[in-house]
Amino acid sequence: MNSKSIWNDQIPEKDGVKTPVNDIAISPDGSRVIAAVGNRVLLYKAENGDLIESLRGHKDTVYSVSFSCDGSRFSSGGADNVVVIWKASGQGLLKYNHSAPIQRVAYNPTMMILASCSDVDFGLWTPDQKQVTKEKVPSRITAACWSGDGSMLAIGMLSGQISVRNQQAEEIMRFERRAPIWSLVFIPDASSPAPASSSSGAGTKGQGTTIGAAPGTTQGGGASSGDVNRDLLVVGCWDRTYSLYKLSGNASKLMTEKGLKYYPCSINYSGNLTAKSSYLAISGSNRKVTLYSREGAKLSEVCLRDAWIWCCACHGESDLLALGTHGGTIELLKMNFDAVHALYKDRYAYRENLTEVIVHHLVTDKKVRIKCKDLIRNLSLYKNKLAVQLSDRVCIYESSPDDSVDMHFRLRKEKIVISDRREEAVDPARKGNKAKGGLNNKSNLMAIASTFLLFCTGNVLELYSFDGQRQKVWVLASNALCMRVDGGPDGREGVLLGLDSGAVVKVFVDNPFPLEMTKRAASAAQVDINIYRTMLASVDSENVLHVTDLRTQEVLFTAPNIVSACFNTEVEDLLCITGTDGSISVLSGVRNAASSQVEDAGATQHGLPHSIRSSSGLPELQEQHIFGMALGFRGQKIFCLYRGSIIGVDVPQSSNMQRALDAGDVTSAYRIACLGATEADWKLLAMRALRGNHLSVAKNAFARLKDVKFLSLIDAIERRGGGATIAASKSSSGAFGADGKSATGAAAGGGRNRAGAASGPTNGSVAGSGSGAANAVVVPPLDPAWQAELLAYEGHHQEAAKIYARSGKLDEAIRLFTDLRRWEDAKMFARNAGMADVSDLTAQQAKWLQEINDWKGASELFVSMGQFMAAAKIIGDNEEEGWEDALLEVVRACPLDDLDTLSYCGERFSTLTDTAFAKETYTKSKDVSKLMALYAKRQMWNNAAKLADENEGKFDVSIFLPYAEWLVSQDRYEEAMSAFKKSQRIDLAKKVLEELTANAVAECRFKDAAYYFWMLSKETEAELQLMAATESKSVLQQHAQQQFEYELKADLYFAYASVHAFVTDPFTSQQPEMLFQVARFIVNSLGTSETIPLGISKASTLYTLARQAMQLGAYKLARHAYDRLSKLQMGERKQEEVEVEMLLVQAKPVRDDPDHLPVCYRCGSTNPLLNPFTNKFAMGDVCTNCGHPFVRSFINFDILPLVEFVPDPSISDEEAIELIRQPPPANNGKGNFGAGAKNAKSGAAGAGGKASNRAGGGWKESKADGGSGADMLTLDDNDEGDSRPSAGGRGGGRGGGAGAGADAKKYHMDQGDGDDDDAVHIAMGVNAGESDLFTRCLNLTLEKQKAAYTPVKVDAGTLLSIPRAEVFVCRPSGKAPGKRATFYRNMLPDIPVAISQPCHRFFHQEDFEFAYLSGKKCPYSRLKSVGEYGSL
């Protein structure tokens, strides 16, 4: 980690006095820097430090500057009490004043809100605000900052107080320090995923927490949707301390306090996603900028200047740091953080947040986080060991050596201390191998082995034991540029080093002499060796790749424009390379490559020369279409580093396997396939191996495919000795060690001299990998008989029979076809062999069929011979399972003129329950009369009518007319209506339905009447669709009005059935709340109309309403109902009862229980219990404020929390449904409505969506004129309690935002009923932090709605944001032009709602399910199929 000065600017002195830089800021995109100097605001280009403008907007010293969240403007404030807002280009926009000097300005990081702070107050400015409201403070403000999500503003004062405010400037909490607060900054909470982190979790010292395995953790670095603001507040106080506070609710908790040796003047937080670094930059009186971790651990000193550094600013994405000093220096620095990571097989370790190590298991995708609380300088992984180099020590962690996926790393007790002095290389012979000394802190290369640590500084390589004892020192020929452990037995590992001289050497930890493996002209920047130590790949400083054969020291090939190369750890001749442009490719067949040198660097593509692609003797190139830096190549996976994250990419091995098969190397092909091959590749390998008599490979391949058929064939070949004995082939590379690599001869040229000198190939060295084809065991071909058997297994029966015939085994060919029951093929082969008489085969076939009792096969044989009647009788006489299908096959094969056979088959089929077989038979024989007789016998009138249509002239559709009349005589009216329709007598069908309706009303069967009226509405709708293209608009409107009246009557009769039962039955089980809602629905629906449907008693309805109102505490409504009831004609007994009740209600208070007042879920208005019908646009059972129809449950008639909306006309119903069904965005802007609804269970979320309101529902009390002083109760037509918007008026619930919430809240507070109204507020979402897109559309609709009710219109974006679980769709049942679906949204998702699609009626889900399961049908439409009764 280091810093580089990009540019600096020195402010000239004025009258010999230096001008300090008071504040500095960097634009969000990192392109601009602004500084407060004197009474000027200086605007710089961040790229080169050019001064763009020197802005004069203040008359006195400028103290503070700040950029807006989008960088489009910035602000400044100073001692002249003025705040100036500027465009990004430097043009002034506006000014506003405070009454005291401006000490701090701070823009909200997420929205356009500016906080301006002075000595005595602060204010919040927004672009749409004409006047800034200011809040007083007890002391001068010296610091201010916003939280990361912009929800909180922290203000620090000279008195040491810290006040935390919300966006409305309301104080959330306050706490104090001992000295003035000079700097504040919010940082992400360490307990939640940091922005720069790719994982979450926490670990204690020496231990890590596995990420992704523990419950409650979150993978991928994202917080769950339910998280709230969890930022921490960093406080820089002039008692020379750095403090960290956790803000939760209305309280603060001190997490950390660190002492500083200077006054902190500025604290800034920076987080870089790509570099995975986050830190705090603190500047102050020590004239330095110092980097700290979030826990307060000192990481590094960035710079030292000649004066106090008053201010500094960080830009995380570009790692820029701007500073300003008291001496007038403005400087921009570039922070450079090197990537610190290590990879060993499937484990990858990398540095995060500069002080944490993340170990990622790339196969299981588990992660562990290790917190070191110090700057991590280097990492090394080997087997189960992890070495972490910190500023002053090296910590060693280890996991279980027996579990390759164990991620529980434990800190060893030993630590190696790093000293500050330079250790000179000493001669171990003179000084001692175990000389104790501190490790050089300038060591730039580190590697860990099983029992040792290696450090390399320059050309000195040191070996340390884990207890810190130095064991050996090697002095290399030149400085080492790269180092990696190359495996080996524990305590005898080898280490590869690339030197600046171009040499690649190998050092064994138990050998004092380095071995030179190869040498090139340019420095060796990166090296790797293949699994058998026979080839070495090195990339020099000029980005040229050299692949060297270590046995012969021959350069196999070179390639320019390469930055890294790594061999596959399982296949010796696969090499992954990374080009200078970041492209990644795989070279296969490296071991067979010829020497090649490419001179023309211009003839390259993606960093590789064309010759590598075209030459047949050179490796084959496979471009992977991925970018990054390849770090490892294991099996079929390439592990590459891309934008700071490690990713694993699968490499297809099909071409490599095909190449091995083409070379005849089946064993190598099998080894490559084991890395990762498709099912087709395994099939190809298995068949090629079996044909080549490689039975062991074929068996393994077919076992992988789970192909039992071919495994049985291989087993038969092995048991009968048909295959060759294949010796187990060994790799020519020698035996393998414990780590899967060759343990014999790992040095250059294949061997290693124990005396310490490099040697060429020896008898004990690796002889070379060689070609698989050259070493393959020669096996004899497969026996012809087995070749024929193999072809038969593959389905090539003709070819198999020909091989049998050519080998003189004709009996086997015939047997092949007889086993397959291909008798014709068997007879053909017999004739070709000279057998003229094949009667023996026929006899054999018949005998075989008799033995196995195969009547079906016998019938097929008769059919093939043309004896159809015999075949039919064999099948008909047996009547075993499946005889119907077999007899049908005889019918289909029988010629048309064989009427006897067809007649016999038809008679047999007539006995079956299913008439499909008989129908096909009679249709083929054209015997229509028998088919019609069958339909009549079975009373299959639908099929009979269809048959009459198909045979026009022989039958008439009137066949259904007598059937319908018979159904009427049997009192099966609904079936009769269907039959009348089929006979094209729609008039008779409708007449039957009208008579049923009239009888039901006359007999007081109101539920049946409702059902018949609903059916009439459906019939009218069907007629309307038929007339849409022929009739005039007026006629269509009349039919539409008639349909509406039918539906209204259906609803009224359905509801009145409960009222009638209550009045007439001596006992009732119906709940008072249900009867109360039913009566209200009927009265509101009838309205002021004088025309009341036949059978509905207005007196019974009002009587029921009054009785239930008295019982439920709605005394005001009871008075009104009894008053209206007294004006109606009733029986004498009922009249007396009503008069008594009227006397009783006079003793009750003149008010209604507010818990029963209905709330509109569209506008949030509290409605009276009965519609006063003062608004001509709100007639019926609708909201008196907005006219939205109340959607009721058609079981208990509660008001459901549903709001109607319509998609934009340009969006079809299908498109709207698809948009709703798509998952909403991760952050759709929804408020906290759900929680509010739960808290309002006793209020607005109660049964029927009731809410409390003490306004009175339109009733007013007054004194009578004339001096009598009598109390009067009157119904006001313009009731203020009805027309005034209730909680959320235009912003309640899911349909209301915060737009009218404040006014609504004030109105209810004025009513003096705060407790009940709070429930309404919560239920309607008035206090929600923010509103969703649907709320905005609803508010816009309410604003535009002048008089008549208008549904909420939404666009595609709003549809996409609505959760599908909250949307219900009433799909149109017909296909009338222009008729669209109706959409509803459930504003209280905690109240489950169900819909019956055929009738478009809603219910409480629990009630509907109980009713449906009880009656096995819809309680309203009586249909068994109710469609999708839930939401989308």
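As the structure is a prediction and not an experimental result, all values here were calculated from the model.

Colleague: For the overall build of the protein chain, give the residues involved together with the corresponding values.
Modeller: Across its full length, the protein chain carries 37 helices and 69 strands. Per-residue burial for the protein chain yields a buried fraction of 52% across its 1432 residues. A separation threshold of at least 6 residues defines the contact pool for the protein chain, and within that pool the share at least 24 residues apart is 53%. Of the accessible surface of the protein chain, which amounts to about 63700 Å², a share of 49% is contributed by carbon and sulfur atoms.

Colleague: Describe the nonpolar core, naming the residues involved and giving the relevant values.
Modeller: Residues Val-357, Leu-386, Val-388, Leu-453, Met-483 and Leu-497 are the most contacted members of the largest nonpolar core, which totals 50 residues. When residues in this core are grouped by element, the largest group, 5 residues, is from strand β40 (residues 452–457). In this structure Met-483 touches Leu-445, Met-446, Ala-447, Leu-454, Cys-456, Leu-461, Val-495, Leu-496 and Leu-497, once residues within four positions along its chain are discounted. In this structure, Ala-976, Tyr-1056, Phe-1408 and Cys-1418 belong to the second largest nonpolar core, which totals 45 residues.

Colleague: Describe the sheet that holds strand β48 (residues 535–540), listing the residues and the values that go with them.
Modeller: Spatially, 4 strands are ordered β47-β48-β49-β50 in an open sheet, and the strand pairing comes out antiparallel. On the outer flanks of this sheet lie β47 (524–529) and β50 (554–559), each paired with one strand and no other. The mean inter-strand angle of the sheet, taken between neighbouring strand axes irrespective of direction, is 20 degrees. Strand direction decides the pairing type here: β47 and β48, joined by 5 bridges, are antiparallel. The residue of β48 that forms the bridge with Val-527 is Ser-538.

Colleague: Could you give an account of the packing of aromatic side chains, with specific residues and numbers?
Modeller: Both the distance between ring centres and the angle between the ring planes are used here to describe each pair of aromatic rings. One pass over the structure, following the stated rule, counts 38 aromatic pairs. Between the aromatic rings of Trp-883 and Phe-909, the centroid separation amounts to 6.3 Å while the plane-to-plane angle is 15 degrees, which identifies the pairing as stacked. You can see Trp-883 sitting in helix α16 (residues 883–893) and its partner Phe-909 sitting in helix α17 (residues 899–910), a full 26 residues away along the chain. There is no split in this pair, since Trp-883 and Phe-909 are both buried.

Colleague: Run through the pattern of salt bridges, naming residues and quoting values.
Modeller: Tallied over the full model, the rule gives 42 salt bridges. Bridged by salt links that share partners, the residues Arg-484, Asp-486, Lys-506, Asp-528 and Arg-533 form one connected network.

Colleague: Run through the state of the cysteines, naming residues and quoting values.
Modeller: Applying the stated criterion across every chain, the model contains 0 disulfides. Of all cysteine sulfurs in the structure, the one in Cys-372 sits closest to Cys-395, which takes part in no disulfide; the separation is 6.3 Å. Given a relative accessible area of 4%, Cys-395 falls into the buried group. In this model Cys-1370 remains outside any disulfide bridge; the closest cysteine sulfur is found in Cys-1399, 9.0 Å from its own. You can call Cys-1370 buried: its relative accessible area is 6%.

Colleague: Help me get a handle on the side chain of Asp-486, residues and values and all.
Modeller: With respect to the helices and strands, the residue Asp-486 is situated in the loop between β43 (480–485) and β44 (494–499). Note on Asp-486: relative accessible area 1%, which makes it buried.

Colleague: Which residues make up the sheet that holds strand β1 (residues 2–10), and what values go with them?
Modeller: Overall, antiparallel pairing links the 4 strands, which are arranged β1-β29-β28-β27 in an open sheet. Two strands lie at the open edges of the sheet, namely β1 and β27 (309–315), each paired on one side alone. Within the sheet, the average angular offset between the axes of one strand and its neighbour, ignoring direction, is 20 degrees.

Colleague: Give me the lowdown on the pairing of strand β53 (residues 583–588), citing residues and values where you can.
Modeller: β53 sits mainly inside the fold: 6 of its 6 residues count as buried. Both faces of β53 are covered, namely the face carrying Ser-583, Ser-585 and Leu-587 and the face carrying Ile-584, Val-586 and Ser-588. Across 5 bridges, strand β52 (residues 574–579) lies against β53 in antiparallel orientation. Bridge pairing in β53 links Ile-577 to Ser-585. Between the antiparallel neighbours β52 and β53 lie 3 residues, among them Gly-582 with a positive phi of about 90 degrees.

Thresholds, definitions, all that
- Residues numbered from 1 in each chain as written.
- Predicted model: local features only at pLDDT ≥ 70, side-chain atom pairs only at ≥ 80, totals over all residues.
- Heavy atoms only, no water.
- Helix = DSSP H or I, 4+ residues; strand = E, 2+ residues; numbered from the N terminus.
- Buried < 20%, exposed > 50% of the residue type's maximum accessible area, 1.4 Å probe, protein only.
- Contact = heavy atoms within 4.5 Å.
- Areas by Shrake-Rupley, 256 points an atom, 1.4 Å probe, with all protein chains shown as cover.
- Core = buried A, V, L, I, M, F, W, Y, C linked by side-chain atoms within 4.5 Å.
- Pairing = 2+ DSSP bridges.
- Axes fitted to C-alpha atoms, helices over the stretch in contact; angles between N-to-C directions.
- Phe/Tyr/Trp six-rings, centres within 6.5 Å; stacked < 30°, edge-to-face > 60°.
- Salt bridge = Lys/Arg side-chain N within 4 Å of Asp/Glu carboxyl O.
- Disulfide = S-S within 2.5 Å.

Note that every value here comes from positions in space, so none of it alone points to a role or purpose.
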